[in-house]
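Architecture and fold: a report
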Amino acid sequence: MADLPEGEAVPADGSLPDPDVSKGFSAYVHIPFCAVRCGYCDFNTYTNLDFGPGASVSGFPDSLRREIALSQHVLRVRGSAPLLRTVFFGGGTPTMMNPAQLAGILRTLHASFGIAPGAEITTEANPESVTRESLRELAHAGFTRISFGMQSAVPHVLHTLERRHTPGQVTAAVHWARECGLDVSVDLIYGTPGESAADWETSVQAAIALGPDHISAYALTVEPGTAMGAKVRRGELRMPDPDEQAERYEQASRILEGAGYRWYEISNWAQPGHECRHNLAYWHNENWWGYGPGAHSHINGTRFWNVKHPLAYARALDRGRTPAAAREILNLTEREEEAVMLGIRLRDGIAIPAWADKRAVAALIADGLVDASRALRGRLVLTLRGRLLADAVTRALMP
Ligand SMILES: C[S@@+](CC[C@H](N)C(=O)[O-])C[C@H]1O[C@@H](n2cnc3c(N)ncnc32)[C@H](O)[C@@H]1O
Ligand code: SF4
């Protein structure tokens, strides 16, 4: 599993240099449990469902409640308006918790900070982990949106990814979610070893046929510490080819745009008005608190991240201490650079920063990575080719 970044120590009570969130913030809740670990996955998740007090599927909500109480103590608010504009339960597999547990955590967030009217409240879910009834309970509890890990509609690709669901289970889950009035997103992965262009087209078309509001498509990354990484090392699987992945991205973008899904962030397409507001808050560099093991937070230029192991997380909170492992306080220049790195990923790009080197911008236009006409009007907006090389564009812009 990827290591946490280096950083400075966090005060034991979790206090922050600038804790004011009066303008509102977002909450991310990380559920670090899965029934089975997929061979490609490097996320902070565990198939041991009971590490001890506060770190088991049944005891974990208590630990989250302690962190919510700690954040309530740390954050400062003027006024009494509800503060949470978006809430996102991610994982791991949030639906390893039953709907009553998820509803209980949501109620604690509401009692602590207030959930704003019209807030977007999402949970991720594996298609095989929901039923018509569980989705009804989630909708009844206030969830407005669900994001299913579809990954592919092609059985041999799902098999290589070691996913446990069938394409039919995705169809049923999306249908039930729609019945309950939930906004629906599906995640796809491209570039899996053995996936042909035709397989990928089948998956994209199958996702569109489900009629979701939102579709994410991610290039498969093979991390060294995963089971898939080991298979690639042993020569049992072929490493995804970056040029082939670039072709798959362009193929997906063409098909999705043709079907009315507008790209609004490099890996995300949505029916107009159904963009994920929670993820937009990240890319707009707004404030969010990440609850749970390994979760990252950003409050007014301070970034901090929690210890990764569920038991270390639960123990810190049990002792009345912050579960944060470390933090980084960004200076003005770092904040501006970060705003470029995040904002450039979006459909409308960013205003050309005053400090940007004019020659670097001209070179990006000449290389076809940045839209020339938008640059004339003062904005840096990625072209289709630029979307594939966003990190290089960011590097080129940095002073
Ligand atoms: C970490 S999962 C959590 C949600 C849920 N457990 C699931 O698998 O659907 C969120 C998404 O991350 C993406 N993902 C995870 N590992 C990835 C990898 N190595 N390469 C590309 N995408 C990945 C998958 O598309 C997945 O749907
Ligand atoms: S179900 Fe999701 S979070 Fe769990 S191992 Fe698979 S991809 Fe990772």
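Residues numbered from 1 in each chain as written. Chains lettered and ligands numbered in written order. Predicted model: local features only at pLDDT ≥ 70, side-chain atom pairs only at ≥ 80, totals over all residues. Heavy atoms only, no water.

**As for the domain arrangement of the protein**
One can read the domain layout of the protein as domain 1 (25-283) and domain 2 (332-399). On a C-alpha basis, the centres of domain 1 and domain 2 stand 29 Å from each other. Facing 15 residues of domain 1, the contacting portion of domain 2 comprises 10 residues. Summed over both sides, the interface of domain 1 with domain 2 buries roughly 1,300 Å², with 61% coming from carbon and sulfur. When the buried surface of domain 1 facing domain 2 is broken down by residue, Trp263, Ile266 and Trp283 rank first, second and third, together holding 50% of it. One salt bridge in this structure joins arginine 345 and glutamate 265, with 2.5 Å as the shortest N-O distance. Mapped onto the side of domain 1 that touches domain 2, the elements with two or more residues apiece are helix 8 (242-258), strand 7 (262-265) and helix 9 (277-283). Ranked by residues supplied to the side of domain 1 that touches domain 2, first place goes to helix 8 with 5 residues. Counted by class, the side of domain 1 that touches domain 2 contains 9 nonpolar, 2 polar and 4 charged residues. (Domains from an automatic or database assignment. Contact = heavy atoms within 4.5 Å. Buried area = accessible area lost by both parts, 1.4 Å probe. Salt bridge = Lys/Arg side-chain N within 4 Å of Asp/Glu carboxyl O. Helix = DSSP H or I, 4+ residues; strand = E, 2+ residues; numbered from the N terminus. Nonpolar A, V, L, I, M, F, W, Y, C, P; charged D, E, K, R; others polar.)

**Considerations on the pattern of salt bridges**
Scanning all chains against the criterion turns up 16 salt bridges. The salt bridge involving glutamate 133 is made with arginine 136; its shortest N-O contact spans 3.5 Å. Taken together, the positions of glutamate 133 and arginine 136, both in helix 3 (residues 132-141) and 3 residues apart, correspond to about one turn of that helix. Using a relative accessible area of 43% as the deciding quantity, one classes arginine 136 as partly exposed. As a salt-bridge pair, arginine 359 and aspartate 357 come within 3.6 Å of each other at their nearest N and O atoms. In this structure arginine 359 comes out as exposed when scored by relative accessible area, which is 66%. (Buried < 20%, exposed > 50% of the residue type's maximum accessible area, 1.4 Å probe, protein only.)

**With respect to the side chain of serine 56**
In this structure, serine 56 sits in the loop between strand 1 (25-31) and helix 1 (60-74). Within the local environment of serine 56, its side chain forms a polar contact with the backbone nitrogen of glycine 59, the two atoms lying 2.9 Å apart. (Polar contact = N/O pair within 3.5 Å; in protein donor to acceptor, adjacent residues only side chain to side chain.)

**Digging into helix 8**
Taking 1.5 Å as the rise per residue, helix 8 with 17 residues should run 24 Å; its terminal C-alpha atoms sit 24 Å apart, in good agreement. Taken together, the buried residues of helix 8 touch strand 5 (183-190), helix 6 (197-209), strand 6 (214-219), strand 8 (268-270) and helix 14 (384-388). After helix 8 finishes, the residue glycine 260 shows a positive phi value of roughly 95°. (Expected span 1.5 Å × (residues − 1).)

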